[in-house]
Amino acid sequence: MMGKRISEHYTEQLEGIRELVLRMGGLAEAMTRQVVQALVQRDGSLLPEVRSMELQVNKLHVDIDEACLEIIALRQPAGYDLRFVTAAIKINTDMERIGDHAINILEKTLSLLAVPPLKPLIDIPKMAEVAQEMLKDALDAFVNGDVDLAQRTIARDDIVDQLKDDIFLELIDYMSADASTIPKAMDLILVSRCLERIADHATNICEYVIFMVLGTDVRHREYPS
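Residues numbered from 1 in each chain as written. Predicted model: local features only at pLDDT ≥ 70, side-chain atom pairs only at ≥ 80, totals over all residues. Heavy atoms only, no water.

(A) Local environment of the overall build of the protein. Scanning the protein for helices and strands turns up 7 helices and 0 strands. Put simply, the protein runs from its N terminus to its C terminus through helices and strands in the order α-α-α-α-α-α-α. Along the first, second and third principal axes, the C-alpha atoms of the protein reach 75 × 40 × 20 Å. When burial is assessed residue by residue, the protein has 46% of its 225 residues classed as buried. Averaging the coordinates of the 24 positive side-chain charges in the protein and doing the same for the 38 negative ones gives two points 3 Å apart. (Helix = DSSP H or I, 4+ residues; strand = E, 2+ residues; numbered from the N terminus. Buried < 20%, exposed > 50% of the residue type's maximum accessible area, 1.4 Å probe, protein only. Lys, Arg positive; Asp, Glu negative; His and termini not counted. Charge placed at Lys NZ, Arg CZ, Asp CG, Glu CD.)

Here it is in C-alpha cells:
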C-alpha cells in the first residue's frame with residue numbers, strides 16, 4: 001500500500017510539471033498575441049497586461065526548474081520519465097525567452113506608437129500568426145508526445161524565415177528612399193527578428209519533444225522519418 005501511495009505521488013509530481021509547463025506556454029502565447037495586437041491596432045492600452053504576464057512567466061520559470069530538480073533529486077527518474085523532466089527544463093528556458101522577446105516587441109511598440117505609422121503592417125501580423133501557431137502546436141506535441149506534430153511544426157519555421165526576409169527587404173527600400181524613415185524601419189526590423197526568434201524557440205521545443213519520445217537528439221541533424 002505504501003508503495004502504491006509513493007507511485008501515485010510520483011505520477012502527480014510529473015503531471016504537476018506538465019501543467020506548469022502548459023500554464024507558462026499559455027502565457028507566452030498570450031504575451032505574443034497581445035503585444036502584436038497592440039502594435040498592429042496602435043493600442044497602447046493592451047501593453048500593461050503584457051508586462052503583468054511577464055511577471056507570471058518569470059515566476060513559473062523558477063517554479064518549473066525547482067519542481068524538476070526536486071523530482072530528479074528525490075525520485076531519480078529513468079528512461080522516458082527522465083527525458084520528460086529534462087525536456088521540461090529545456091522547454092522552460094525557451095518559454096522564458098519567448099516572454100523576453102515579447103517584452104522586446106513591447107518596447108519597440110512603445111516607440112512606434114509615439115510617431116505616425118510608417119506603413120500598413122501586413123507581413124508582421126502574418127509572422128506573428130505563424131509563430132503563435134507553432135508555439136501552440138509545439139506545446140500540444142509536448143503534452144501528447146506527438147512526434148509527427150513536432151516535425152510538421154518544425155517545417156513551418158521556413159515560412160517565418162521567409163517573411164522576415166521579405167520584411168527586411170521592403171524596409172530597406174523605405175530607408176534607401178527616405179532617411180527619415182530609418183528609426184521606424186529599424187524598430188520594425190527588430191520586431192520581425194523577435195518574432196523569428198519566437199518561432200525558433202518553438203522549433204527548439206519540438207526538438208525536445210522528439211528527444212523525449214524517441215530518445216533521439218535531432219538538434220543540428222536530419223529529423224527521423
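(B) Unusual backbone geometry, seen in detail. Its identity as a non-glycine residue notwithstanding, Arg42 has a phi of 55°, on the positive side. You can see Arg42 is positioned in the loop between helix H1 (2-41) and helix H2 (47-75). A positive phi angle, close to 45°, is found at Gln76, a residue other than glycine. Here Gln76 shows up in the loop between H2 and helix H3 (79-113).

(C) Expanded view of the nonpolar core. Core analysis: the largest hydrophobic core is formed by 72 residues, its most contacted members being Val21, Val35, Ile91, Phe142 and Leu195. Of all elements in the fold, only H1, H2, H3, helix H4 (123-144), helix H5 (147-155), helix H6 (157-177) and helix H7 (182-214) reach the threshold of two or more residues within this core. When residues in this core are grouped by element, the largest group, 15 residues, is from H7. Ignoring sequence-local partners within four residues, the contact set of Val21 consists of Ile64, Ala88, Ile91, Met95, Leu139 and Phe142. (Core = buried A, V, L, I, M, F, W, Y, C linked by side-chain atoms within 4.5 Å. Contact = heavy atoms within 4.5 Å.)

(D) Representation of the pattern of salt bridges. Evaluated as defined, the whole model comprises 12 salt bridges. Glu170 is the salt-bridge partner of Lys119, the closest N and O atoms lying 3.5 Å from each other. Of the two residues, Lys119 is situated in the loop between H3 and H4 and Glu170 in helix H6; the sequence distance between them amounts to 51 residues. Taking the shortest distance from any N to any O, the salt bridge between Asp140 and Lys136 comes out at 3.1 Å. (Salt bridge = Lys/Arg side-chain N within 4 Å of Asp/Glu carboxyl O.)

(E) Representation of a nonpolar patch on the surface. Where nonpolar side chains cluster on the molecular surface, the patch consists of Leu69, Ile72 and Leu82 and spans about 240 Å² of accessible area. Here Leu69 is to be found in helix H2. Exposure remark for Leu69: the relative accessible area of 54% places this residue in the exposed category. (Patch = residues over 30% accessible without salt bridge, like charges linked within 9 Å, V, L, I, M, F, W, Y side chains within 5 Å. Areas by Shrake-Rupley, 256 points an atom, 1.4 Å probe, with all protein chains shown as cover.)

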